[in-house]
Amino acid sequence: MKVVEGLKWRYAVKRFDSTRKLTKDQIDYLKEAINFIPSSYGLQPYKVLEIESKEMREKLREAAYGQPQLTEAAHVFVFANFTDYGPDKVDSFIKLSAATNNIPEENSNGYRDMLNGIISSMTPEQISTWNSKQAYIALGALLSAAAEQEIDAAAMEGFDKAKFDEILGLKEKGLTSVCIGAVGYRSPEDQNQFLKKVRKPMEQLFEKIS
């Protein structure tokens, strides 16, 4: 399915068919889409957690106000951004970039200094907000790739982030939860699949500026 056709087909799944699973190839495809989507300066200042255990999912469901997607979906991704981003992470990025492109690391000293200058000018709150925005871009990649493959998905923000952070031990890792991507196959009982998609007319959404 082409991307736009897939986006027209998809909807925000409220109930998944818990008996249907995704193959490893399907999951790997979705993970590649997440990995290759752009992020600001290419830093990818977030981690994507795959929640597999039934016990963990039950705990997260409770912290997500009982939403069934957490336990019914075939696969659950939790996107978490770094709350801090210092020179050590910039150095890691520069090393990876140099190794990937087979260039001397010192060739990127100017770029390293620029990144450190930009990041050092921000408050911790600004850095965390900036990083969380990058995580949302990654979530968008997941939704688009899933739609293209006719895999159902639900993007979720309705959860207690403090409880998620506690359950997943994120604070100790310098992370905080941002959003959730649950994927699998819709339940025949999910009534939302029968509703027409509500979107603004194109002429209201887009405006040409001359």
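All values derive from a computational prediction rather than experimental measurement.

A.B. asks: Would you mind showing me how to read helix α7 (residues 124–148) here?
C.D. replies: Side chains three or four residues apart in an α-helix point the same way, a direct result of the helix having 3.6 residues per turn. In this model α7 runs 37 Å from its N-terminal to its C-terminal C-alpha over 25 residues, within 8% of the 36 Å that 1.5 Å per residue would give. One or two positions beyond α7, positive phi appears at E150, with a value near 55 degrees.

A.B. asks: I'm lost on the nonpolar core in this one. Help?
C.D. replies: A general feature of soluble globular proteins is that nonpolar side chains tend to end up buried together. Membership of the largest hydrophobic core comes to 32 residues, with the highest contact counts inside it found for V76, V78, F164, L168 and I180. With 4 residues, strand β2 (residues 75–82) is the largest single contributor of residues to this core. Discounting residues that sit within four places of it in the chain, V78 has contacts with K47, V48, L49, I51, F164, L168, S177, C179 and I180. Within the second largest apolar cluster, 21 residues are counted, among which are L22, Y46, A74 and L139.

A.B. asks: What is the right way to read a nonpolar patch on the surface from this model?
C.D. replies: Together, Y41, Y111 and M114 give the surface a local cluster of nonpolar side chains, amounting to about 260 Å² of exposed area. With respect to the element layout, Y111 can be found in helix α6 (residues 109–120). For Y111, a relative accessible area of 33% puts it in the partly exposed group.

A.B. asks: Looking at this structure, I do not really get the packing of helix α2 (residues 24–36) against α7. What am I missing?
C.D. replies: Each pair of packed helices can be summarised by the angle the axes make with each other and by the distance between the axes. Packing of α2 against α7 leaves a shortest axis separation of 8 Å and a crossing angle of 140 degrees. Regarding the angle of α2 to α7, the classification is oblique. Here α2 runs over α7; the crossing is right-handed. Across from Y29, L30, A33 and I34 in α2, the residues of α7 making contact are A138, A141, L142, A145, A146 and E148. Looking at the contact of α2 with α7 residue by residue, the classes come out as 9 nonpolar, no polar and 1 charged.

A.B. asks: How should the side chain of D152 be read in this particular structure?
C.D. replies: You can see D152 is positioned in strand β3 (residues 152–156). A polar side-chain atom of D152 sits 2.7 Å from a polar atom in the side chain of R186. Beyond its immediate chain neighbours, meaning those up to four positions away, D152 contacts W9, Y11, V13, F16, A182, V183, G184, Y185 and R186.

A.B. asks: What's the story with α2 in this structure? I'm lost.
C.D. replies: With 13 residues, α2 ought to run about 18 Å at 1.5 Å a step, and its terminal C-alpha atoms sit 18 Å apart, in line with that. Along α2, the positions that sit buried rather than exposed are Q26, I27, L30 and I34. One side of α2 carries all its buried residues, which in axial view fall inside an arc of 100 degrees. For α2, the exposed residues set more than 90 degrees away from the buried face come down to K24, D25 and F36. Its buried side turned inward, α2 meets β1 (46–51), β2, α7 and β4 (175–184).

How each quantity is defined
- Residues numbered from 1 in each chain as written.
- Predicted model: local features only at pLDDT ≥ 70, side-chain atom pairs only at ≥ 80, totals over all residues.
- Heavy atoms only, no water.
- Helix = DSSP H or I, 4+ residues; strand = E, 2+ residues; numbered from the N terminus.
- Expected span 1.5 Å × (residues − 1).
- Core = buried A, V, L, I, M, F, W, Y, C linked by side-chain atoms within 4.5 Å.
- Buried < 20%, exposed > 50% of the residue type's maximum accessible area, 1.4 Å probe, protein only.
- Contact = heavy atoms within 4.5 Å.
- Patch = residues over 30% accessible without salt bridge, like charges linked within 9 Å, V, L, I, M, F, W, Y side chains within 5 Å.
- Areas by Shrake-Rupley, 256 points an atom, 1.4 Å probe, with all protein chains shown as cover.
- Salt bridge = Lys/Arg side-chain N within 4 Å of Asp/Glu carboxyl O.
- Axes fitted to C-alpha atoms, helices over the stretch in contact; angles between N-to-C directions.
- Parallel < 35°, antiparallel > 145°, perpendicular 65-115°, else oblique.
- Left-handed = near helix turned anticlockwise from the far one by under 90°.
- Nonpolar A, V, L, I, M, F, W, Y, C, P; charged D, E, K, R; others polar.
- Polar contact = N/O pair within 3.5 Å; in protein donor to acceptor, adjacent residues only side chain to side chain.
- Arc of directions from axis to C-beta.

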